[in-house]
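An overview of the molecular structure
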Amino acid sequence: MEYIMGIDLGTSGAKISIQSADGRAFHGCTAPYPLYNQGPGYAEQRPEEWWQAVCGGIRRLLDESGVSPQKVLAVGFSGQMHGLVTLDERGEVIRPAIIHCDTRAGEFKGIASPQELLDWGILNPVFSGFQAASLAWLKRYCPEDFRRIRHIFSPKDYLRFRMTGELGTEWTDASATLLFDVARRRWSPQMAERLGLDPAVLCPVHSPCGLCGTVTPKAAEETGLAAGAKVAFGGADQPMQALGNGVTAPGEATCTIGSGGQLFTGCREPLANPRLNTHTFCHVGEDSWYLLGAMLTAGTAFDHMAGLFYAGESRGLIDREVEADMARPPRLVFLPYLNGERSPHMDESLRGVFFGASLEDGRAQYMRAVMEGICFAMRDMLAAFAALGVEPQRMIASGGFTRSPVWMRMMASVLKKPLSTAENRGYQASMGAAMTAGVAAGLYASPEDAVQRCVRFSSQAVEPDPVLAGQYDQQYQRFRKVFRQNFREG
């Protein structure tokens, strides 16, 4: 039996999967690594620790699955978007990677005007944690490090470099850097000039399903893979999770709650949003793009509040207590902006709010409000899509919240959309990465062929609850009112 491997470099750990080419056999594991906060707004990771975690995870997965390394024909990569990895002339890392949730570069949101971002084909707002903003910060505050830069990578591209020794990136991650003309699929000479960046430091751009190289003998020794196994370029985590969820066409969407939250739908053209409160990036196919709404603290907000109200308790207990409270209409409102927000507000300064608390409220009421508030933030993004004439009909749920039947029912009722789920929940991005490897190795004719052969869905979708949907229409209006009372609309 032939196998393909996917490696998804997340914020807290790498998810690694091996699947058979027919998609019937699947094995996965997670390899964690730390996040460093060296100052206010800092969020950094060390690329060497990524690599060591991935090497250990691959060896463990090969051992636990019993899959022979010689049977793993190809490897693909997925990874956290927007981050900045810098290498010097010797190919060595200059400094820790500045990752997507870093907020120190807020002062550089004006490096390009909204009209310039649209005219240059970048089509996305400047926000902290994106490569262009991080480079502007680096140039001002660490000029010696900036001068030493010879190569710039997105996070997963560094891992692929370590595995193959080949420089390069692909258009899904490149389009999320703010250095890329999303409409024309090329680096933006205007943005490079604005930053004072030598365009030579930017890697050649390829297709996600293109063949990058092969596993080097040194990487084979470190990972346990067979030297010479093929390696695909792979893609950014959002298009990879979409591929792993079988979403390749316009009209289909994914609703994901991980550490952050994302609403994703494909589109046939590079959609220019004049308000710049959503994102338009390149999808896997050569003539495909996608519209993305992103919230910064979704699962992170849930975990933080669960740690305060339910320390040491199980998720099942939270579900039971919240479900019992749902016998009465919602009252308490929670704005889930614990570390600023992206879509649709694009404001790093936003912070969380509880509103309407009373002496009768206990931990179940607070956790219910947290879960509902995250659903309402998703509805905000769906409204931003609708304002652009984009209204997806089919929606796939993904991420940790799919393990909660209560939260799934909430989300379906708030969005008024049935929510389907794919098998192997939690590994969709690594599955998508493996599928790009399968295309690169010739196992599949196209990404769509890979979806047909690999992606399977649960038998029944979670339907909106009509009673809850009516209650949530009213509560959503309260959510919007509380926002307007506390913050200015963008």
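For the structure given in this document, a descriptive report is provided here. Fair warning: this is a prediction, and the values are worked out from it, not measured in the lab. (Residues numbered from 1 in each chain as written. Predicted model: local features only at pLDDT ≥ 70, side-chain atom pairs only at ≥ 80, totals over all residues. Heavy atoms only, no water.)

**Regarding the packing of aromatic side chains**
- What the rule picks out here adds up to 19 aromatic pairs.
- Ring plane angle 25 degrees and centroid distance 4.9 Å describe the contact between Phe302 and Trp407, whose orientation is recorded as stacked. With a gap of 105 residues between them, Phe302 in helix α10 (residues 299-309) and Trp407 in helix α13 (residues 405-415) connect regions that are remote in the sequence. Like Trp407, Phe302 is buried.
- Above the ring of Tyr36, the side-chain terminus of Arg46 is found at 4.0 Å from the ring centroid. (Phe/Tyr/Trp six-rings, centres within 6.5 Å; stacked < 30°, edge-to-face > 60°. Helix = DSSP H or I, 4+ residues; strand = E, 2+ residues; numbered from the N terminus. Buried < 20%, exposed > 50% of the residue type's maximum accessible area, 1.4 Å probe, protein only. Lys NZ or Arg CZ within 6 Å of the ring centre and 35° of its normal.)

**Re the environment of Leu117**
- Note that Leu117 resides in helix α2 (residues 114-119).
- Overall, Leu117 belongs to the buried group, its relative accessible area being 3%.
- Separated by 73 residues in sequence, Leu117 and Gln190 place their C-alpha atoms 9.7 Å apart.

**Considering the packing of helix α14 (residues 428-440) against helix α15 (residues 447-454)**
- Interhelical geometry of α14 versus α15 gives an angle of 120 degrees and a closest axis separation of 9 Å. Between α14 and α15, the interaxial angle falls into the category oblique. Crossing angle aside, the handedness with which α14 passes α15 is right-handed. Residues Met431, Met435 and Val439 of α14 form the contact with α15, whose own contacting residues are Pro447, Ala450, Val451 and Cys454.
- Considered class by class, the residues forming the contact of α14 with α15 number seven nonpolar, no polar and no charged. (Axes fitted to C-alpha atoms, helices over the stretch in contact; angles between N-to-C directions. Parallel < 35°, antiparallel > 145°, perpendicular 65-115°, else oblique. Left-handed = near helix turned anticlockwise from the far one by under 90°. Contact = heavy atoms within 4.5 Å. Nonpolar A, V, L, I, M, F, W, Y, C, P; charged D, E, K, R; others polar.)

**Some details on the sheet that holds strand β18 (residues 279-282)**
- Across the sheet, six strands lie side by side as β18-β19-β17-β16-β22-β23; this open sheet has mixed pairing. What marks the edges here is a single partner per strand, and that holds for β18 and β23 (419-420).
- Pairing between strand β16 (residues 252-257) and strand β17 (residues 261-267): five bridges, direction antiparallel. Bridge assignment links Cys255 to a residue of β17, and that residue is Leu263. (Pairing = 2+ DSSP bridges.)

**Digging into the nonpolar core**
- In terms of nonpolar packing, the biggest core is built from 57 residues, with Ile374, Phe401, Trp407, Met410 and Met411 touching the most fellow members.
- Here this core gets 14 residues from one element, more than from any other, and that element is helix α12 (residues 363-387).
- Setting aside residues up to four positions removed in sequence, Ile374 forms contacts with Ile257, Met295, Ala298, Ala301, Phe302, Pro336 and Trp407.
- Met81, Ile111, Leu197 and Phe281 belong to the second largest nonpolar core, which has 44 residues in total. (Core = buried A, V, L, I, M, F, W, Y, C linked by side-chain atoms within 4.5 Å.)

**Here's the deal with unusual backbone geometry**
- For the peptide bond that leads from Ser343 to Pro344, omega is -5 degrees, which places it in the cis range.
- One non-glycine residue with positive phi stands out, namely Leu123, at about 65 degrees.
- Mapped onto the secondary structure, Leu123 falls in the loop between α2 and α3 (131-141).
- For Leu123, a relative accessible area of 5% puts it in the buried group.
- With phi around 55 degrees, Arg185 is a residue other than glycine that occupies positive phi space.
- Mapped onto the elements of the fold, Arg185 is located in the loop between β10 (180-181) and β11 (186-187).

**Re α14**
- Given a rise of 1.5 Å per residue, 13 residues ought to cover 18 Å, and the 18 Å separating the end C-alpha atoms of α14 matches this to within 8%.
- Of all 13 residues in α14, 13 are buried, a share of seventy percent or more.
- Positioned one or two residues after α14, Gly442 has a phi angle of 85 degrees, which is positive. (Expected span 1.5 Å × (residues − 1).)

**Points about the environment of Ala183**
- Relative to the helices and strands, Ala183 is located in the loop between β10 and β11.
- Residues Ala183 and Leu123, spaced 60 residues apart in sequence, show a C-alpha to C-alpha distance of 8.0 Å.
- Excluding its chain neighbours within four sequence positions, the residues that come into contact with Ala183 are Gly121, Pro270 and Trp289.

**Brief notes about helix α1 (residues 47-65)**
- Taking 1.5 Å of rise per residue, the 19 residues of α1 would be expected to cover 27 Å, and the 27 Å separating its terminal C-alpha atoms lies within 8% of that figure.
- Directly beyond the C-terminal end of α1, a positive phi value near 75 degrees is found at Gly66.

**So, the pairing of β17**
- Within β17, seven of the seven residues are buried, leaving the element largely enclosed by the surrounding structure.
- Of the two faces of β17, both are covered, the one formed by Gly261, Leu263, Thr265 and Cys267 as well as the one formed by Gln262, Phe264 and Gly266.
- Where β16 folds back on β17, the antiparallel hairpin that results is connected by three residues.
- Sheet analysis places β17 next to strand β19 (residues 289-295), joined by seven bridges and oriented antiparallel. When the bridges of β19 are listed, Cys267 appears paired with Trp289.

**What to know about the state of the cysteines**
- Counted by the stated rule, this structure contains zero disulfides.
- Free of any disulfide, Cys142 has its nearest neighbouring cysteine sulfur in Cys101, separated by 18 Å.
- Cysteine Cys454 remains unbridged, with the sulfur of Cys209 as its closest cysteine sulfur at 12 Å. (Disulfide = S-S within 2.5 Å.)

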